[in-house]
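Spelled out from the first residue to the last, the chains are:
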Amino acid sequence: MPLLALLAAPAVALQAPTQAQAQPADTGILSVLGLWETKEHDGVFQITSCGTQVCGRLVGMRYTGEVPKGKDGESECGLLMLTGFTPDPDDPGRWNGHILDPDDEHVYHAQIWSPREGVLKLRGYVGIPLFGETQTWTRYAGTIGPLCRMP
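A few points on the structure. (Residues numbered from 1 in each chain as written. Predicted model: local features only at pLDDT ≥ 70, side-chain atom pairs only at ≥ 80, totals over all residues. Heavy atoms only, no water.)

**Brief notes about the sheet that holds strand β7 (residues 119-125)**
With antiparallel pairing, the eight strands of this closed barrel are ordered in space as β1-β2-β3-β4-β5-β6-β7-β8. Recorded for the sheet is a direction-independent mean angle of 30° between the axes of neighbouring strands. The sheet contact formed by strand β4 (residues 80-87) and strand β5 (residues 94-101) spans four bridges and is antiparallel. By the bridge assignment for β5, Thr 83 is matched with His 98. (Pairing = 2+ DSSP bridges. Helix = DSSP H or I, 4+ residues; strand = E, 2+ residues; numbered from the N terminus. Axes fitted to C-alpha atoms, helices over the stretch in contact; angles between N-to-C directions.)

**Observations concerning the pattern of salt bridges**
Counting across every chain of the model gives three salt bridges. Ionic pairing is found between Lys 69 and Glu 66, a salt bridge with its closest N-O pair at 3.9 Å. Taking the shortest distance from any N to any O, the salt bridge between Arg 94 and Asp 91 comes out at 3.0 Å. (Salt bridge = Lys/Arg side-chain N within 4 Å of Asp/Glu carboxyl O.)

**Concerning unusual backbone geometry**
Positive phi, close to 60°, is recorded for Glu 105, a residue that is not glycine. For Glu 105, the position within the fold is in the loop between β5 and β6 (106-116). With a phi close to 60°, Leu 147 is a non-glycine residue in the positive phi region. As for its placement among the helices and strands, Leu 147 is situated in the segment after β8 (132-139).

**Description of a negative patch on the surface**
Among the surface-exposed residues, Asp 72, Glu 74, Asp 104 and Glu 105 lie close enough to one another that they form a single negatively charged patch. Following the sequence through the fold, Asp 104 ends up in the loop between β5 and β6. Overall, the relative accessible area of 37% leaves Asp 104 in the partly exposed class. (Patch = residues over 30% accessible without salt bridge, like charges linked within 9 Å, V, L, I, M, F, W, Y side chains within 5 Å. Areas by Shrake-Rupley, 256 points an atom, 1.4 Å probe, with all protein chains shown as cover. Lys, Arg positive; Asp, Glu negative; His and termini not counted. Charge placed at Lys NZ, Arg CZ, Asp CG, Glu CD. Buried < 20%, exposed > 50% of the residue type's maximum accessible area, 1.4 Å probe, protein only.)

**Focus on the nonpolar core**
Val 54, Leu 82, Phe 85, Trp 95, Ile 112, Leu 120 and Trp 137 are the most contacted members of the largest nonpolar core, which has 23 residues in total. Of all the elements in the fold, those that place two or more residues in this core are β2 (43-50), β3 (53-61), β4, β5, β6 and β7. Residues in contact with Leu 120, not counting those within four places in the same chain, are Val 32, Trp 36, Ile 47, Ile 112, Trp 113, Gln 135, Thr 136 and Trp 137. (Core = buried A, V, L, I, M, F, W, Y, C linked by side-chain atoms within 4.5 Å. Contact = heavy atoms within 4.5 Å.)

**With respect to the pairing of β2**
Among the eight residues in β2, seven count as buried, and that is most of the element. One ladder, built from four bridges, connects strand β1 (residues 34-37) with β2; its direction is antiparallel. In the strand pairing of β2, Gly 34 is matched with Ile 47. The turn linking β1 back onto β2 is made up of five residues, and His 41 within it adopts a positive phi angle of 60°. With eight bridges joining them, β2 and β3 adopt antiparallel strand pairing. Directly across from Phe 45, in β3, lies its bridge partner Leu 58. Between the end of β2 and the start of β3, which pair antiparallel, lie two residues, with Gly 51 showing a positive phi angle near 70°.

So this is what it looks like as structure tokens:
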């Protein structure tokens, strides 16, 4: 699946960090945490702190009929797709990590950052950021129903 399709693909379940978990260093973390709607408005990711890093799960999907399933036949609802994000030492406010393509299970390098309130940029790439694609996600304030269904 092309990276652009992956970034627009639905797939994550809410996982709030517990108070006992370590929190990532506060280098603009509040600007990237929360619910984010994908560019195509067909998926919502919950970005949270995961120990000392930042991660994201697909928690909302726009679909009709049955819950969308991955190649393995399992629901993509709750799938951890954004992993290992740590602050970029050379660019404050930018986070470096990885994004999973659930169709082929390939993991790409990725960066996330918030250039302004209510906007998240996600860049997936192979090798170096120059060879990648950037999508703009927006803060999501809507509801998510049972089985990750978006209205």
